[in-house]
Amino acid sequence: MPSPSNNFLGKTITHLRDIWRDATDFRARREQLELSAELSEKDEATLREWIDHCLEERGGEVAARVRAATLGRSYLDLSDEGQLRFLKILAAHYDTDNAAVEAGIATWQQASPAHRPQAAQQLRELLEPPRMRLLRLFNELPQGIKFLVDMRAQILALRNQHPALRPLEGDLKNLLRSWFDVGLLQLEQIRWQSSAEVLEKLIEYEAVHAIQSWDDLKNRLDSDRRCFAFFHPNMPSEPLIFVEVALVNGLADNVQALLDESAPVGNIEQADTAIFYSISNAQRGLAGISFGNFLIKRVVKELQHDFPQLRQFATLSPIPGLTRWLKRTAPEELAALPGGSIVAAQLTDGQLPESLENDELQAALLQLTAHYLAVAERKGGTAADPVTHFHLSNGAEIAQLNWMADGSANGLKQSAGMMVNYLYDLPKIEERSEAYSRDGTRTLSSGFKSLLSK
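Residues numbered from 1 in each chain as written. Predicted model: local features only at pLDDT ≥ 70, side-chain atom pairs only at ≥ 80, totals over all residues. Heavy atoms only, no water.

*Asks:* What am I meant to see in the overall build of the chain here?
*Replies:* The helix and strand tally for the chain stands at 21 helices and seven strands. Along the first, second and third principal axes, the C-alpha atoms of the chain reach 75 × 55 × 50 Å. A buried classification covers 48% of the 454 residues belonging to the chain. In the chain, 73% of the contacts between residues at least 6 apart in sequence involve partners at least 24 apart. On the chain, roughly 22,000 Å² of surface is accessible, and the fraction owed to carbon and sulfur atoms is 48%. (Helix = DSSP H or I, 4+ residues; strand = E, 2+ residues; numbered from the N terminus. Buried < 20%, exposed > 50% of the residue type's maximum accessible area, 1.4 Å probe, protein only. Contact = heavy atoms within 4.5 Å. Areas by Shrake-Rupley, 256 points an atom, 1.4 Å probe, with all protein chains shown as cover.)

Here is the structure:
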């Protein structure tokens, strides 16, 4: 488990310790939970007894919440090893009671029609693991929802090595999915005048094009730029997902040009295109809980209202799976694809040459990349590239492939410097989204199709 002191989880932990200390001090003389940092075997009985008291609500609801706050503080004070043991105890000892469920099924099967609804309700209660009640108690604490989001982030990092944690991770995901329903989220524009705390987190969480400095951030929040984020009412200073937008003329084809701090500020009154050039999920613990499609649609509405002259809404997106796909595809398989024989001949251990300044290789790479975006697929028939899949699911068109659009080290590493524009034709997005979800149809512009026919 990564050391929390190296990231924003560390700041969250320090803050929660202070908040939850206030919630527990008035009972400190009556009840204390003392655990070693490593959570030794000797401590396990003490911990389980404390959890049992929380679940039984001995002393009432308020007492249960105080015990939960004490338990949460104790968890934060554990070492990485101790936290892992804590999670394993929750996973192993507070799961669904299979024997009780089987008895509940028998009761439901034998119940008369009049009593079957009651038996069904009892069965539903038996199917829910007892740990769910403890997780809900954590959520009721000040900033408890952030604590649970970060706990799931920890479990996601551990679950492959410790598969016994998977059911606990699934329980957390189900709870968070209901608590983070898009109808509960608030869309806010992030400005240079926003709080320093939010701006710091924007820098920390930017996952597509790293923010290099405060001047870089200020440039991204200038008058010809916009940044919008979803927030949850119980996490008001924590962006969940955010999108950065440039207001320009025509489809942008180079991200370094968009991020150039020395470039003159554009005239937003004459801009006809909104370019979404970065979408970042800010909370690892909310992985698999989709906000991006709702965010784009909400932001489009905001921009249409503020800038009615805008005619195009498009992205300038990375192709994060391209070089991985080239590396794992057999040379003979690549050679059978459009442009593939030339590219395959240039690969060394699956790697492209450092210099791509070769017209023949450039043409072949463009053709092969077009095939990757428009044809290559994962199991289930969805687009092989995750970003492509995301935008096609939202009803976008693959509009334009841009050579050397991202010359950064990361851009060259993941996609040979190429980026792609996905175009959102608003009257058609629902139809296109449904066609892609139903039968895998990928909408392509005429210009993009020409790459496939060469």
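*Asks:* Would you take a moment to explain the packing of helix α3 (residues 61-77) against helix α7 (residues 131-139) for this structure?
*Replies:* When two helices pack together, their arrangement is given by the angle between the helix axes and by the axis-to-axis distance. For the pair α3 and α7, interaxial distance at closest approach is 9 Å and the crossing angle is 90°. With respect to each other, α3 and α7 are oriented roughly perpendicular. Between α3 and α7, the contacting residues are Ala64, Arg65, Ala68, Leu71 and Gly72 on the first element and Leu134, Leu137 and Phe138 on the second. Tallied by class, the residues present in the contact of α3 with α7 amount to six nonpolar, one polar and one charged. (Axes fitted to C-alpha atoms, helices over the stretch in contact; angles between N-to-C directions. Parallel < 35°, antiparallel > 145°, perpendicular 65-115°, else oblique. Nonpolar A, V, L, I, M, F, W, Y, C, P; charged D, E, K, R; others polar.)

*Asks:* Just checking my understanding: could you explain the packing of aromatic side chains for this structure?
*Replies:* Centre distance and the angle of the planes are the two values used to describe a pair of aromatic rings. As enumerated under the stated definition, the model contains five aromatic pairs in all. Measuring from centroid to centroid gives 5.1 Å for Phe138 and Phe147, while their planes differ by 70°, and the two rings are edge-to-face. Of the two residues, Phe138 and Phe147, both sit in the buried class. Judged by centre distance (6.2 Å) and plane angle (70°), the rings of Trp192 and Trp214 are edge-to-face. In this pair, Trp192 is assigned in the loop between β1 (186-189) and α10 (196-205) and Trp214 in helix α11 (residues 214-220), connecting sequence segments 22 residues apart. Residue Trp214 is classed as partly exposed on the basis of its relative accessible area of 41%. Every member of this aromatic cluster is reached through a ring pair, and the members are Tyr75, Phe86, Phe138 and Phe147. (Phe/Tyr/Trp six-rings, centres within 6.5 Å; stacked < 30°, edge-to-face > 60°.)

*Asks:* Would you take a moment to explain the side chain of Asp406 for this structure?
*Replies:* Within the secondary structure layout, Asp406 lies in the loop between β6 (397-402) and α19 (409-415). The side chain of Asp406 sits in the buried core without any salt bridge; Arg220 is the nearest counter-charge, 9.8 Å away. Polar side-chain contacts of Asp406 include one of 2.7 Å to the side chain of Ser408. (Lys, Arg positive; Asp, Glu negative; His and termini not counted. Salt bridge = Lys/Arg side-chain N within 4 Å of Asp/Glu carboxyl O. Polar contact = N/O pair within 3.5 Å; in protein donor to acceptor, adjacent residues only side chain to side chain.)

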